[in-house]
Amino acid sequence: MNLGFVGLGAMGRPMALHLIKAGHAMTVYARRADSTAPLAAAGARVAKSPAEVAAASDVMFSLVTASADSEAVAIGKNGFIEGARAGSVVIDMATISPLVTRHIAVTLEAKGIEHIDAPVSGGPTGAQNATLAIMAGGKSAVFERVKPLFECLGKMILYMGEHGAGQVTKACNQLALTITAQAAAEAIALAASSGLDPARVHEAMMGGFAASRVMDLFGKRMVERNFGTGIDTRLYHKDLGIALELAQEAGLPLPAGAIVKQQINALMGAGEGNADFSVLIRALERAAGQRGGD
């Protein structure tokens, strides 16, 4: 199959490489030329715009940062819509607003172009190991058509419903993740404040009902003060904002989510938006005036 990929960051790059290794022809575009170099070395053709990617592709993937970025890549000037053929498919794997997702889908479908929203969970490690969880929304027949491509990228591939359903599912995932990370931060900060070894307390929690993947990954980074690797806090700020907007539209209170958003706002204000999300513990320490929050 002729594929295209736009968005060759820490996750998009290994995902595109997995698709090439599976035998698909690939055309890529990135604003920075150095982002395309590993793909070109693997045999991909480098295009000058998303529209040029679309002209060479049956299925186009995008994995950019924000709702406005996805909109620009798909339906903006020199976007997919200007080069794609009727019957081709745009797959948006970014985490963006479900409302924007539905607008993109409707705009593309007016031109005969199909659309699937398929945000992922698993981070850069999941992208590198092709073990992502993929949550898809759109027409079920189109999902089945592209499912073999998803199988090159992930282990859990679920069809969630119509356009935007994948994004709503991802918002729920991010809400649970961020609240659990806040709980891990509070528990580890409390252990340290009480004079205990946070590493030992973390080990004990991982042996009981408090254990989780979030406690394991983020809790370990909090204990080790390893805030330099992983997924930027600014991205969780965006994701939690999407969840809270959905809740507001539904008239549903999310008290824990609102509190975590305040903590993330504090981190953003402190210039820590580019640090790994485990830096969440610093917001607590800083509020308490502790040394660890420096």
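Residues numbered from 1 in each chain as written. Predicted model: local features only at pLDDT ≥ 70, side-chain atom pairs only at ≥ 80, totals over all residues. Heavy atoms only, no water.

### What about the overall build of the protein chain?
- Each helix and strand counted, the protein chain has 13 helices and 9 strands in total.
- Seen through its C-alpha atoms, the protein chain measures out along the principal axes to roughly 65 × 45 × 35 Å.
- Within the protein chain, the fraction of its 294 residues that count as buried is 50%.
- For the protein chain, the share of sequence-separated contacts (at least 6 apart) that also reach a separation of at least 24 residues comes to 63%.
- Entry remark: accessible area of the protein chain is about 13,100 Å², with carbon and sulfur atoms responsible for 55%.
- One finds the centroid of the 26 positive side-chain charges in the protein chain at a distance of 5 Å from the centroid of its 26 negative side-chain charges. (Helix = DSSP H or I, 4+ residues; strand = E, 2+ residues; numbered from the N terminus. Buried < 20%, exposed > 50% of the residue type's maximum accessible area, 1.4 Å probe, protein only. Contact = heavy atoms within 4.5 Å. Areas by Shrake-Rupley, 256 points an atom, 1.4 Å probe, with all protein chains shown as cover. Lys, Arg positive; Asp, Glu negative; His and termini not counted. Charge placed at Lys NZ, Arg CZ, Asp CG, Glu CD.)

### Overview of helix H10 (residues 213-224)
- Compared with an ideal rise of 1.5 Å per residue, which puts 12 residues at 16 Å, H10 spans 16 Å between its outermost C-alpha atoms and is within 8% of the ideal.
- Within H10, burial applies to Val 214, Met 215, Phe 218, Gly 219, Arg 221 and Met 222. Axial view of H10: buried residues confined to an arc of 160°, hence all on one face.
- Directly beyond the C-terminal end of H10, a positive phi value near 60° is found at Arg 225. (Expected span 1.5 Å × (residues − 1). Arc of directions from axis to C-beta.)

### Let's talk about the packing of aromatic side chains
- Going through the model one piece at a time under the given rule, you end up with 6 aromatic pairs.
- The interplanar angle of 90° and the centroid separation of 6.0 Å between the aromatic rings of Phe 218 and Phe 277 together place this pair among those described as edge-to-face. Here Phe 218 is found in helix H10, whereas its partner Phe 277 is found in the loop between helix H12 (255-269) and helix H13 (280-288), with 59 residues between them in sequence.
- Each residue in the set Phe 143, Phe 150 and Tyr 159 is aromatic and connected to the rest through ring pairs, giving one cluster. (Phe/Tyr/Trp six-rings, centres within 6.5 Å; stacked < 30°, edge-to-face > 60°.)

### Brief notes about helix H4 (residues 67-75)
- Those residues of H4 not exposed but buried are Ser 67, Ser 70, Val 73, Ala 74 and Ile 75. With its buried residues spanning 160° around the axis, H4 presents them on a single face.
- Buried residues in H4 make contact with strand S1 (2-6), helix H3 (50-55), strand S4 (59-62), strand S5 (89-92) and helix H5 (98-109).

### Details of the nonpolar core
- Judged by nonpolar contacts, the single largest core of 53 residues is most densely connected at Phe 5, Phe 61, Ile 91, Met 93 and Phe 150.
- Among the elements that make up this core, the one with the highest residue count is helix H7 (residues 140-150) (5 residues).
- Excluding residues within four positions of it along the chain, Met 93 makes contact with Met 15, Phe 61, Ser 62, Leu 63, Ala 118, Pro 119, Val 120, Ile 134, Phe 150 and Leu 153.
- Listed in part, the 31 residues of the second largest apolar core include Ile 188, Ile 264, Phe 277 and Leu 280. (Core = buried A, V, L, I, M, F, W, Y, C linked by side-chain atoms within 4.5 Å.)

### Description of the environment of Leu 280
- By the secondary structure assignment, Leu 280 is in helix H13.
- The sequence separation of Leu 280 and Gly 138 amounts to 142 residues, and the corresponding C-alpha distance is 35 Å.
- With sequence-adjacent residues up to four places away left out, Leu 280 is seen in contact with Thr 178, Ala 181, Gln 182, Ala 185, Met 222, Gln 263, Ile 264 and Leu 267.

### Some remarks on the pairing of S1
- Of all 5 residues in S1, 4 are buried, a share of seventy percent or more.
- Sheet analysis places S1 next to strand S2 (residues 25-29), joined by 5 bridges and oriented parallel. Note that in S2 the partner of Val 6 across the bridge is Tyr 29.
- Traced from S1 through helix H1 (residues 12-21) to S2, the parallel crossover comes out right-handed.
- Bridge count between S1 and S4: 4 bridges; the pairing is parallel. Paired with Leu 3 across the bridge in S4 is Val 59. (Pairing = 2+ DSSP bridges. Right-handed = clockwise from strand over helix to strand, strands pointing away.)

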